[in-house]
Amino acid sequence: MNKTIAVIGSSRRNGNTGKLIDLIAEELNIEIIDLSLKNISPFDYEHKNVDDDFLPLMNHLLKYDNIIFVSPVYWFAMSAQMKVFIDRMSDFLSIEELKNKGRELRSKVGYVVSTSISDNIDDSFIDSFTNTFDYLGLGYGGCIHVNCKNGFNPDAYQSDIINFVKKLKPRSVGDAI
Ligand SMILES: Cc1cc2nc3c(=O)[nH]c(=O)nc-3n(C[C@H](O)[C@H](O)[C@H](O)COP(=O)(O)O)c2cc1C
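Residues numbered from 1 in each chain as written. Predicted model: local features only at pLDDT ≥ 70, side-chain atom pairs only at ≥ 80, totals over all residues.

Q: Please provide a residue-by-residue account of unusual backbone geometry, values included.
A: You will see that Asn29, though not glycine, has its phi angle at about 60°, which is positive. On the secondary structure map, Asn29 appears in the loop between helix H1 (16–28) and strand S2 (31–34). In the Ramachandran plot, His47 falls in the positive-phi region, its phi being about 55° despite a non-glycine side chain. Turning to its location among the elements, His47 is positioned in the loop between S2 and helix H2 (54–61). (Helix = DSSP H or I, 4+ residues; strand = E, 2+ residues; numbered from the N terminus.)

Right, dumping it as structure tokens:
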């Protein structure tokens with residue numbers, strides 16, 4: 001079974017970020033989950049939303065070793081779709097029966113795929129992922145960031161894409177070390 005899965009939160013599935021993760025997913029032959037198609041509501045202190053799509057989605061993601069979090073930079077931060085999803089990780093910290101499930105994240109590695117209209121990835125964006133991974137106990141495997149100021153141009157980022165894919169590609173016998 002493939003060890004990697006991607007989860008995208010963007011306001012358009014086939015936009016810049018969607019095209020980038022599609023290329024990566026094609027190379028890795030992995031599933032991409034679109035948060036926009038899920039019914040995941042914001043964190044609720046009273047957990048009245050515990051029956052929405054968050055828990056089934058997490059049960060699915062926890063079958064994988066590597067989780068790629070895919071988001072454009074919107075206002076120096078992750079997309080609202082991704083933020084709502086990440087906020088719900090708090091269910092694992094605040095619902096007694098889910099605490100053990102949450103601890104399963106400690107054996108996983110998180111990656112970040114992003115686009116914006118800048119060469120540089122904002123600290124406010126990437127830190128919110130890496131600090132969250134840290135808090136939840138996920139390892140951090142790395143990120144790829146693509147400047148889409150003039151649209152998505154994969155040719156300009158070919159080596160970055162290859163290097164990112166290499167981190168996640170299962171090794172076969174006979175591969176150079
Ligand atoms: C609501 C919104 C906010 C944005 N904020 C930023 C930003 O803070 N910094 C940046 O470099 N680009 C920003 N952008 C540009 C997007 O990050 C960029 O166009 C990205 O590639 C869009 O990806 P998408 O097609 O998946 O939406 C913003 C775009 C939108 C729609």
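Q: Tell me about helix H3 (residues 80–87), and please be specific about residues and values.
A: Those residues of H3 lying buried are Gln81, Met82 and Phe85. Projection of H3 onto a plane perpendicular to its axis shows the buried side chains occupying an angular sector of 95°, all on one side. Close packing links the buried residues of H3 with strand S3 (66–72). (Buried ≥ 20, exposed ≤ 12 C-beta atoms within 10 Å, placed from the backbone. Arc of directions from axis to C-beta. Contact = placed C-beta atoms within 7 Å.)

Q: Report on the site of the ligand, specifying residues and quantitative values.
A: In the vicinity of the ligand, 17 residues are found, and the nearest of them are Gly15, Asn16, Thr17, Pro72 and Ser116. Counting residues per element, the ones that place at least two in the shell around the ligand are H1 and strand S4 (109–116). Considering every element that reaches the shell around the ligand, the biggest residue donor is H1, with three residues. Here the shell around the ligand is built from residues that sort into seven nonpolar, nine polar and one charged. (Near = placed C-beta within 6 Å. Nonpolar A, V, L, I, M, F, W, Y, C, P; charged D, E, K, R; others polar.)

Q: Give a detailed account of the environment of Gly9, specifying residues and quantitative values.
A: Here Gly9 lies in the loop between strand S1 (4–8) and H1. You can call Gly9 buried: it has 25 C-beta atoms within 10 Å. Each C-alpha atom, one on Gly9 and one on Val70, is 6.3 Å from the other, the two residues being 61 residues apart in sequence. Ignoring any residue separated from it by four or fewer positions in sequence, one finds Gly9 in contact with Leu35, Ser71, Ser79, Gln81, Met82 and Phe85.

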